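# Structure at a glance
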Amino acid sequence: MGTSIDYCVLFMTATIWKTLSPFWGEEYNVHLPPSFHTISFHVLDEDSLSRDDVIGKVSINKEALAAKPQGLDGWVNLTEIDPDEEVQGEIHLQISVLGDVPRILRCQVLEARDLAKKDRNGASDPFVRVRYNGKTHESVVKKSCYPRWNESFEFELDDAPLDTPLSVEVWDWDLVSKNDFLGKVLFNIHRLQSAHQEEGWFRLVPDKPKHSQGTLGSLRLQLRLRDETVLPSGHYQPLTELLCQSVGPHLNGNWPDLIMLIDETTTAESRQEVASNLVKLFLGQGLAKEFLDVLFKLELDKTSEPNTLFRSNSLASKSMESFLKVAGMQYLHRLLGPLINRIFEEKKYVELDPNKVELKEAGCTGLHRVHTEAEVIQQSTSLLQSYLSELLHAIVQSASYCPVALCQAFQQLYQCVNKRFPEPEYRKVKFIAVTSFLCLRFISPAIMSPKLFHLREKHADARTSRTLLLLAKAIQTIGNLDTLTCCSKEPWMGPLQPAIQLGITQLKDFISRLVSCDNSEDLGLQQRMSLQCGSMEKEGFILLHKTKDKSMLMTSPFKKYYVTLSKDTLSYARTQHSKKSSFISLPRIRAVEKVEEKSFGSANVMQIISSRDNGLVETLYLDCKSVNELNQWLSALRKACSHNTDTMSSYHPGIYKGDRWSCCHQKDKADPGCDKTKHGVTLQEWYDPLDPDLESQLIYRHLIGVRQAELLCCFRSCRFQVIAFEAYPCTCVYTSASCSSAVMLVQRHIAESKVC
């Protein structure tokens, strides 16, 4: 499935093979420009030899998303793709009414940009058709999605009815087949006469939609559009200081009212988001350990039964889960990467449940003799024991490279639980508290769905998925520190019991080492965290082509280089460890944009335009393996250059070859560009730098929502309280009395900072 914004493809999901009811379970967060119009989801059938077949699509416009602030969640019917509806781009027009008698309607067609690509060469042969009152004018430009016509067409107004519209249509000219529709714009001439002139870029719209016959299936989507205005850092400083004070070391024995307020007011729908925002904010302040410590104590005070500790989706559980994903993803990749790759490459048939054993899948033992059920289970047990042994060995060895932030968090959790439940009969609880997060909420989900944790580019096939599931079950059993419960529920897991029992001993030893290590001489938490999740590092082999000053491209093909994006530079060398390398200073980058498919015969080429010391520009072209890799590099570079000042507002999506630009056919190399740059379109990734202003804004919005909800409760219970609040805001009585002081303090700080 592919997702696009205004027909610009942003990502492709992994392929689910041989099914009519696929489950993707993939989540993407995309930063979009405010001017976007439509988000579309195309479902395709992947073909190895020919082009992928389009099954259907779902398109949702910006207005429909904005009308539901809580988001859309449900099944949406797929519709057929009508070529006349697949239009995109804008056209630059100047329309004016001249003279008195006779009155003349003049339509100047200047240029168009980002037109749909209808020809196999990745371009179109667009011609414009201007129609009014039965008269038609046309003009064509060959091989360009950014045509420049610069022509004027005139019509007489006196004989035309007042309601006659002016139609400007764009078509792709074809010599042999039927012309393809590229979009149109309609103008009300009666409204135009009062203004006499109208000029600007107008969005091309499709023709009347055609209703598809039959059913193409449905797509389950969860969509939410958020429009946030993030103010400068100074506006959030009072709120940030208040949050830091609520988890600081000088609480004088009082519970932090603000954290309690947030804990009590988060709903099941908002808890994950609020937890993630808080974790990132406190990571940026170097107070993640203190924040988690407060939540641990709040959770422990509410828990009387140790067997249920951290089993619910509380704010403490969600915060620790978010903390692991933000601060521990590099650790997870190093821990699980080799084993996951081994399982994917071997593709062994593994099954322990006799009711699910398929002898044909297991293959033959020799002389075409099919395996027996007992042989399949014995072989599967041996394989799983091998995988489990490798994984446990990796976990034990990971104590030497586990991030200090994770060590401190687990150490604090272990000590808090031990203090709350010191009785001998609860001696395992402190270990289970750690494993409930490390194994059950982090390692095990990553084993079951490596694609969702960025460990693999594609989902596992059915055979590999079953192997991963069985391995994850074994890790869950080890994490629960109990073999009896598992074997009673699933007796067929019995053959793994010796390996699981040994794994429990190894895991407890690992946790003991993890929580007893002394990190006092290690890097400070804030500095260490900046290395773990505050950098925008990205690297990998990629094909490059370099041209200076937009000069004529050489005939040599792309060459393979190892590209590294660090904090200050983008460097590339022939090998990963090569001493000789070239680099581009990130502050010198002026634009990072896609390149038209026809330029190099590839749809996944991007360009990096940078300035040199002499003021001239040079362009580096990167040919990526897929649209996902393309957008990941685009996003990473755009984020790394987000504070650059000398950026370009327009660019050429084509190349300068011969004596003209391939996109708009302009002959001047210094032409400013024929399309708008898209600096703001980025994908949110787990390794993104922390954004304290955005996190503060999202927490502030949550608190405002709490305030509004409390006011609604006041209104329902006592009308007089609402009237009093309207007259004297600081006298509002909140229903949660224990948190009222924190709410009022937040309200006062917010008022002082003038956040609105």
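See above for the structure.
Residues numbered from 1 in each chain as written. Predicted model: local features only at pLDDT ≥ 70, side-chain atom pairs only at ≥ 80, totals over all residues. Heavy atoms only, no water.

### Quick word on the overall build of the protein chain
Helix and strand counts for the protein chain come out as 21 helices and 29 strands. Among the 756 residues that make up the protein chain, the fraction classed as buried is 49%. Relative to all contacts within the protein chain whose residues are 6 or more apart in sequence, the contacts with residues 24 or more apart total 66%. Taken as a whole, the protein chain presents about 38,600 Å² of accessible surface, with 51% of it coming from carbon and sulfur. (Helix = DSSP H or I, 4+ residues; strand = E, 2+ residues; numbered from the N terminus. Buried < 20%, exposed > 50% of the residue type's maximum accessible area, 1.4 Å probe, protein only. Contact = heavy atoms within 4.5 Å. Areas by Shrake-Rupley, 256 points an atom, 1.4 Å probe, with all protein chains shown as cover.)

### Considering the side chain of Glu695
Within the secondary structure, Glu695 is located in helix 19 (residues 692-717). Of the side chains with opposite charge, Lys280 comes closest to the buried, unpaired Glu695, at an N-O distance of 4.4 Å. Every residue in contact with Glu695, bar those within four places of it in the chain, is listed here: Asn277, Lys280 and Leu281. (Lys, Arg positive; Asp, Glu negative; His and termini not counted. Salt bridge = Lys/Arg side-chain N within 4 Å of Asp/Glu carboxyl O.)

### Side note on the pattern of salt bridges
Taken as a whole and assessed by the stated rule, the structure comprises 29 salt bridges. Here Lys473 and Glu490 are joined by a salt bridge, their closest N and O atoms 2.9 Å apart. Here the residue Lys473 occupies a position in helix 13 (residues 462-480), and Glu490 occupies one in the loop between helix 14 (483-489) and helix 15 (497-516), the gap between them amounting to 17 residues. It is possible to trace a salt-bridge network through shared partners that takes in Arg224, Arg226, Glu228, Glu273 and Arg701.

### Digging into the sheet that holds strand 8 (residues 104-113)
With antiparallel pairing, the four strands of this open sheet are ordered in space as 11-8-7-14. Every interior strand has two partners, whereas the edge strands, strand 11 (148-156) and strand 14 (197-203), have only one. Averaged over all neighbouring strand pairs, the angle between strand axes comes to 15°, with direction disregarded. (Pairing = 2+ DSSP bridges. Axes fitted to C-alpha atoms, helices over the stretch in contact; angles between N-to-C directions.)

### Concerning helix 7 (residues 315-327)
In this model helix 7 runs 18 Å from its N-terminal to its C-terminal C-alpha over 13 residues, within 8% of the 18 Å that 1.5 Å per residue would give. Within helix 7, 12 of the 13 residues are buried, which leaves it mostly tucked inside the rest of the structure. Every buried residue belonging to helix 7 is among Leu315, Ala316, Ser317, Lys318, Ser319, Met320, Glu321, Ser322, Phe323, Leu324, Val326 and Ala327, and all of these are buried. (Expected span 1.5 Å × (residues − 1).)

### Topic: the pairing of strand 7 (residues 90-98)
Of all nine residues in strand 7, eight are buried, a share of seventy percent or more. In this sheet, strand 8 lies alongside strand 7 in antiparallel orientation, the contact comprising nine bridges. Each bridged residue has a counterpart across the sheet, and for Leu98 the counterpart in strand 8 is Ile104. Following strand 7, the chain reverses through five residues before pairing antiparallel with strand 8; Gly99 in that reversal takes a positive phi of roughly 75°.

### Here's the deal with the pairing of strand 2 (residues 8-12)
Two elements, strand 1 (residues 2-5) and strand 2, share four bridges in a ladder whose sense is antiparallel. Across the sheet, Thr3 pairs through a bridge with Phe11, a residue of strand 2. Following strand 1, the chain reverses through two residues before pairing antiparallel with strand 2; Asp6 in that reversal takes a positive phi of roughly 50°.

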